[in-house]
Amino acid sequence: MPTPPLSFISSHLRAPPPWPPPKNAANPRARIRCGALAPPGQVLEAATAYPRSTKEPPNRVLGYDVNVQIQRLCQAGDLMGALKLLGSDEVDARSYCAVIQLCGEERSLEAGKRAHALLRASGAGTTGMESVLGKRLVLMYVKCGDLGSARRVFDEMPQISDVRAWTSLMSGYAKAGDFQEGVLLFRKMHCCGVTPDAHAISCVLKCIASLGNIMDGEVVHGYLEKLGLGAQCAVANALIALYSRCGQAEDALRIFDGMHQRDAISWNSVISGCFSNGWHGRAVDLFSEMWFEGLEINSVTMVSVLPACAELCYELVGKVVHGYSVKSGLLWELEYLDSGIDEVLGSKLVYMYVKCGDLGYARRVFDGMSTKSNVHVWNLIMGGYANIGEFQESLLLFEKMHDLGIIPDEHSISCLLKCITSLSSMKDGVVAHGYLVKLGFGGQCAVCNALISFYAKSNRIEDALKVFVGMPHQDVISWNSIINGCTSNGLYSKAIELFVKMWMQGQELDSATLLSVLPACAQSCYWFVGSVVHGYSVKTGLVGETSLANTLLDMYSNLSDWCSTNQIFKSMGQKNVVAWTTMITSYTRAGLFDKVAGLLQEMGLDGIRPDVFTVTSALHAFACGESLKQGKSVHGYAIRNGMEKVLPVANALMEMYARCGDMEEAQLIFDCVMNKDLISWNTLIGGYSRNNLANESFSLFGDMLLHFRPNAVTMTCILPAVASISSLERGREIHAYALRRGYLEDNYVPNALVDMYVKCGALLVGRRLFDQLTKKNLISWTIMIAGYGMHGRGRDAIALFDQMRGSGIEPDAASFSAILYACCHSGLREEGWKFFNAMRNEHKIEPKLKHYACIVGLLSHTGNLKEAYEFIESMPIEPDSSIWVSLLHGCRIYRDVKLAEKVAERVFKLEPENTGYYVLLANIYAEAERWEAVRKLKNKIGGRGLRENTGCSWIEARGKVHVFAADNRNHPQGNRIVGFLDDVARRMRDEGQDPKKRYALMGANDAVRDGALCGHSSKLAIAFGVLNLSEGRPIRVTKNSRICSHCHEAAKFISKMCNREIILRDSNRFHHFEEGRCSCRGYC
């Protein structure tokens, strides 16, 4: 800004003339150049002095008196008064210096410029004082912040040899942040031959440190050592700051250690430098040395050491500093001791306590702060509460900050959104979104990242994608957040698409990116993308991170690539507990349950202690493998390590014991759990259902209704219990409940309902539900195929199997088991062989015992007994009793006593305690009228002390279940039932359909031989149904063993005699009796 000409200076700033000038007096002006004090080429004309008379007027003010008055006014701080006198005649350079100096001290730029103009007009700088006046002007302009005017005055000064003038201007540039200009000025000073002093060196080192130019710093360091200034404290302090700012903490410490004299600035600089370079422990150690040397500790020292204590979680040291600040009074505002804690020092204390996890002290310091205008301290305390889960308190602090008028920054908004996300408050999140858009934070990257995370965790991934697309700039956190959000919301293909786009745009991929996309590759079976990501991690070295290696393990495990899974596991340098747990889960997923025990042993030898997740994973493996011994071993480990009552472990233990058939131990663990959750109840209910303890399952379900509302999983646990006892009425009630609660949206509940209706004999209802399924998975098809098989409708099962394959769903081992079962019960020999061969050759599925049992049953029921026996002998795996019993039933049907004896020897060797097999052989002897063999077999069984299992049947009527045991006539309607059955027997004899008495009952005489194992319990139940159920309603009977031929023939006759539909489910299949025919067609 140019200096105003003299004509623009107000007249009141000039002293009045000593007397009126003569009218005829001339007033010539002398042309005087102000030299360095005026711009180049500008000529100032001095006022023409009046001709002086020989006599001085009595009222004339002498020049000496004017200068004295100016000096006194300047000493008194009366700048305006001094300026008024400054325009008087005979004002010397010292007075101008005093006024200019006062302008600088008062930071009055306007007054300084006026003084400068008067100086130029007076011509006072023409003597040897111009250098002094020039330095004062430069210093004044620097202090007033007008570096342009300061530099113009400086450049006009001739031959500036005084280093202080250079230093003043350099200092001004440093304070204004123009560090590059400060360095250039130092170079110019050096070229002019001016030797710098310690102040100049310190000033230029500060500029270089701010620029981060270590090379220039080292040059200046060498130069000052040459000048011998390195030993001065101020220079050493500047060097410490330089090396610290440039990341060379070792050099800073070397300078510090070489200092002969250190002041507080030295200690503060080196402590701050160590902290800024991550040497937190060294910073605390230096503070301790400073403390023990008895040096003065000021607020700057505390501000430097408290963050180091925070990073190291040295809460005790931090509290010592806190106590000293209270004792010394440094913590309080010095002007107003009652106003509260100093804001800067208080902020550092809050940071230290928050990092150390002591929110109580942090909050007390925060509440005691005098002012909280800095949003940073609010972010600290809000973030502290959010980190410990006190999201509501964090939100209350945000509201308080808003009420105080403090404008939040992007970190405040991020913390706010984190709290709202954790509280699952969708409404508050949308309000916050609008609030931050109103504040202008909608385009900031950190805020948008928090919004993406909020919407993704709130299951509003579409809104998250909108925020992502609308971002002006996306950083790696933005990409990671949206990819992870898509993965967690099931949009696996979208996650992979975004990942590929991110890669193609040249964005930097970090470990978080790979951790986000790998689960998507695993779930969507994108093996190729997963392998590419694996290769990238190897190339970049990220695969060395344990978390990434664990994720790769999980991905390859999900993709069933066990070779790659094992290779990654073996190549891991450090295997933590997560890696071992992931490997256990992988073995479980692969069905390698027997290898889990060995893996646990290796884990122990490697020095890794299993945690809760490892224990639950191992228990799940042993539950799937039904390995009770290994499960008990893990149970013992859980007890020894205090994990038994941890809820996830307790639930896993219940599942293990339930799957292994030990429901007493499962119930005992359930009773010991104090904080049962819904998983606990579902696990035990499902366990009772799995073990065919339907009544216990129903009882537990009733108890659960008093504590929890059932969910979809509960439905899938209780419905198998309903199916196991064919309780159609109860199943309909549960179906209605699931419909009201909206549980049919879950894929598992509709499948369980289809299975329930099929096993309760309502095949058409089951098929109707199956057809209504919008998404039929492999389980849905398998259930319906097995249902057709149970009801003897093999052709329908085959048609449905072909329809499944036509829809693109490939069968698995369970599907082939279901279709082979259907072929077996329908006598479809050729079709059965076709499916068995296709399973092995086309689908590469290795047959298991259940598949071999179906083929043996198929051959046996179709009369190919010899072929069945040879097939068993050629099996690659050892046959169990079920396979031999299938052949034994075929021997009974086709009366092959010789083969039956041969097969029975194998059966008795495998299960010598099962009396049902002895009864079956006895019936074969009886049908062949070999009564002596029957007697010997009866004596053999009696000698072993074996007892016959009692058969029973049950039927539902009017909401009540009626159970009928063999030869039990204690039912309230017993006489009516017996009378009805006597009438049936009489009419059968009259029509010539009296069954032959060819069955042998253990321990009974010939008069009751036809009872055999079932004891006519099914006939009693059928009779009760005819007598109590309205006409037109099907009679549904369930029995716990196979129906005998006597009851089978009686049921066919009753269906024709009474014109009733009878649906009987035995332990093997369904029998639909109608008009004297049965759906089994003899394949029972």
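Predicted model, so just to flag it, every value in this text is computed and none were measured. (Residues numbered from 1 in each chain as written. Predicted model: local features only at pLDDT ≥ 70, side-chain atom pairs only at ≥ 80, totals over all residues. Heavy atoms only, no water.)

Once that is clear, we can look at the environment of Ser727. On the secondary structure map, Ser727 appears in the loop between helix H39 (712-724) and helix H40 (728-741). The exposure class assigned to Ser727 is buried, which follows from its relative accessible area of 2%. Remark: the alpha-carbon pair of Ser727 and Met756, spanning 29 residues in sequence, is separated by 8.9 Å. If sequence neighbours within four positions are ignored, Ser727 has contacts with Val722, Cys760 and Glu956. (Helix = DSSP H or I, 4+ residues; strand = E, 2+ residues; numbered from the N terminus. Buried < 20%, exposed > 50% of the residue type's maximum accessible area, 1.4 Å probe, protein only. Contact = heavy atoms within 4.5 Å.)

Core analysis: the biggest nonpolar cluster contains 309 residues, and Val99, Ile381, Ile482 and Leu887 have the highest contact counts within it. If sequence neighbours within four positions are ignored, Ile482 has contacts with Ile452, Ile461, Ala464, Leu465, Phe468 and Leu498. Leu1020, Leu1029, Val1037 and Ile1043 belong to the second-largest nonpolar core, a separate cluster that totals 29 residues. (Core = buried A, V, L, I, M, F, W, Y, C linked by side-chain atoms within 4.5 Å.)

Glancing now at the sheet that holds strand S5 (residues 1035-1039). Taken in spatial order, the six strands make up an open sheet running S4-S3-S5-S6-S7-S8, and their pairing is mixed. Each having just a single partner strand, strand S4 (960-965) and strand S8 (1077-1078) make up the two edges of the open sheet. One ladder, built from four bridges, connects S5 with strand S6 (residues 1062-1065); its direction is parallel. When the sheet's bridge partners are listed, Arg1036 is paired in S6 with Ile1063. (Pairing = 2+ DSSP bridges.)

We now examine the packing of aromatic side chains. Going through the model one piece at a time under the given rule, you end up with 26 aromatic pairs. Pairing Tyr353 with Tyr361 gives two aromatic rings, centres 5.2 Å apart and planes at 15°, and the pair type is stacked. Given the relative accessible area of 1%, Tyr353 is considered buried. Lying over the aromatic face of Phe698, Arg730 brings its terminal NZ or CZ to 4.0 Å of the ring centre. Directly above the ring of Phe835 sits Lys834, whose terminal nitrogen or CZ lies 5.0 Å from the centroid. (Phe/Tyr/Trp six-rings, centres within 6.5 Å; stacked < 30°, edge-to-face > 60°. Lys NZ or Arg CZ within 6 Å of the ring centre and 35° of its normal.)

Chain-level statistics for the protein chain give a pLDDT mean of 84 and a share of 89% at 70 or above. Across residues 1-62, where pLDDT falls below 50, the model places 84 contacts with residues more than four positions away in sequence or in other chains. Throughout residues 334-338 the model reports pLDDT below 50, and contacts reaching past four residues in sequence, or to other chains, amount to two contacts. (pLDDT = per-residue confidence, 0-100.)

This part takes up a positive patch on the surface. A cluster of basic residues, Arg107, Lys143, Lys175 and Lys206, forms a positive patch at the surface. Assignment of secondary structure puts Lys175 in helix H7 (residues 163-176). Residue Lys175 is classed as exposed on the basis of its relative accessible area, which comes to 69%. (Patch = residues over 30% accessible without salt bridge, like charges linked within 9 Å, V, L, I, M, F, W, Y side chains within 5 Å. Areas by Shrake-Rupley, 256 points an atom, 1.4 Å probe, with all protein chains shown as cover. Salt bridge = Lys/Arg side-chain N within 4 Å of Asp/Glu carboxyl O. Lys, Arg positive; Asp, Glu negative; His and termini not counted. Charge placed at Lys NZ, Arg CZ, Asp CG, Glu CD.)

Looking at chain direction, strand S3 (residues 952-957) and S4 are connected through six bridges and run antiparallel. Bridge pairing links Ile955 to His962 in S4. Here S3 hands over to S4 after two residues, with Arg958 in that stretch at a positive phi of 55°.

The end-to-end C-alpha distance of helix H41 (residues 748-759) is 17 Å, a good match for the 16 Å that 12 residues give at a rise of 1.5 Å each. Counting buried positions along H41 gives 10 out of 12 residues, so the element sits mostly inside the fold. Looking at H41, one finds that the buried residues are Val749, Pro750, Asn751, Ala752, Leu753, Val754, Asp755, Met756, Tyr757 and Val758. The secondary structure elements touched by the buried residues of H41 are H39, H40, helix H42 (763-772), helix H43 (778-790) and strand S7 (1070-1074). Positive backbone phi, approximately 90°, marks Gly761, located one or two places after H41. (Expected span 1.5 Å × (residues − 1).)

This next bit is on H42. Buried within H42 we find Leu763, Gly766, Leu769 and Phe770. All buried residues of H42 lie within an arc of 125° about the axis, which places them on one face of the element. Turned more than 90 degrees away from the buried face of H42 sit Leu764 and Gln772, all of them exposed. If you follow the buried residues of H42, they end up packed against H40, H41, H43 and helix H44 (794-806). (Arc of directions from axis to C-beta.)

Looking now at the side chain of Arg363. Structurally, Arg363 is set in helix H18 (residues 359-368). If we skip the residues at most four places from it in the chain, Arg363 touches Ile381, Tyr385, Glu393 and Leu397.

Looking now at the packing of helix H11 (residues 233-245) against helix H13 (residues 264-276). At a closest axis distance of 9 Å, the pairing of H11 and H13 adopts a crossing angle of 5°. When the axis of H11 is compared with that of H13, the two are roughly parallel. Contacts between H11 and H13 involve Cys233, Asn237, Ile240 and Ser244 from the first element and Ile265, Ser266, Ser269, Val270, Gly273 and Ser276 from the second. Tallied by class, residues from the contact of H11 with H13 come to four nonpolar, six polar and no charged. (Axes fitted to C-alpha atoms, helices over the stretch in contact; angles between N-to-C directions. Parallel < 35°, antiparallel > 145°, perpendicular 65-115°, else oblique. Nonpolar A, V, L, I, M, F, W, Y, C, P; charged D, E, K, R; others polar.)

Next up on the list: the environment of Glu927. Structurally, Glu927 is set in helix H51 (residues 915-927). Of the residues examined, Glu927 reaches a relative accessible area of 11% and is grouped as buried. When the C-alpha positions of Glu927 and Arg895 are compared, they lie 7.5 Å apart, and in sequence the two are 32 residues distant.

Let us now look at unusual backbone geometry. Its identity as a non-glycine residue notwithstanding, Ser726 has a phi of 55°, on the positive side. Following the sequence through the fold, Ser726 ends up in the loop between H39 and H40. At Glu929, a residue that is not glycine, the phi angle is positive and equals roughly 60°. Position of Glu929 among the secondary structure elements: in the loop between H51 and helix H52 (931-944). On the basis of relative accessible area, Glu929 is assigned to the exposed category, the value being 61%.

This part is about the pairing of S5. Of all five residues in S5, four are buried, a share of seventy percent or more. Strand direction decides the pairing type here: S3 and S5, joined by three bridges, are antiparallel. The residue of S5 that forms the bridge with Ile955 is Val1037. Remark: the S5/helix H55 (residues 1045-1057)/S6 crossover connection has right-handed handedness. (Right-handed = clockwise from strand over helix to strand, strands pointing away.)

Before going further, it helps to spend a moment on the pattern of salt bridges. Inspection of the entire model under this criterion finds 36 salt bridges. The residue Lys113 makes a salt bridge to Asp146 at a minimum N-O spacing of 3.8 Å. Taken as a pair, Lys113 in helix H4 (residues 109-122) and Asp146 in the loop between helix H5 (130-144) and helix H6 (147-156) lie far apart in primary sequence, 33 residues in all. Owing to a relative accessible area of 11%, Lys113 belongs among the buried residues under this scheme. Asp146 gets classed as buried once you look at its relative accessible area, which sits at 15%. Notably, a salt bridge pairs Asp367 with Arg363, separated by 3.1 Å at the nearest N-O pair.

What follows is about the packing of helix H15 (residues 299-312) against helix H16 (residues 315-328). For any two helices packed against each other, one specifies the inter-axial angle together with the distance between the axes. Two elements in contact, H15 and H16, have axes separated by 9 Å at closest approach and are oriented at 155°. Taken together, the axes of H15 and H16 are roughly antiparallel relative to one another. The handedness of the crossing between H15 and H16 comes out as left-handed. Residues Met302, Val305, Leu306 and Cys309 of H15 touch H16, and the partners they reach there are Val317, Gly318, Val321, Tyr324, Ser325 and Ser328. Broken down by class, the residue content of the contact of H15 with H16 amounts to seven nonpolar, three polar and no charged. (Left-handed = near helix turned anticlockwise from the far one by under 90°.)

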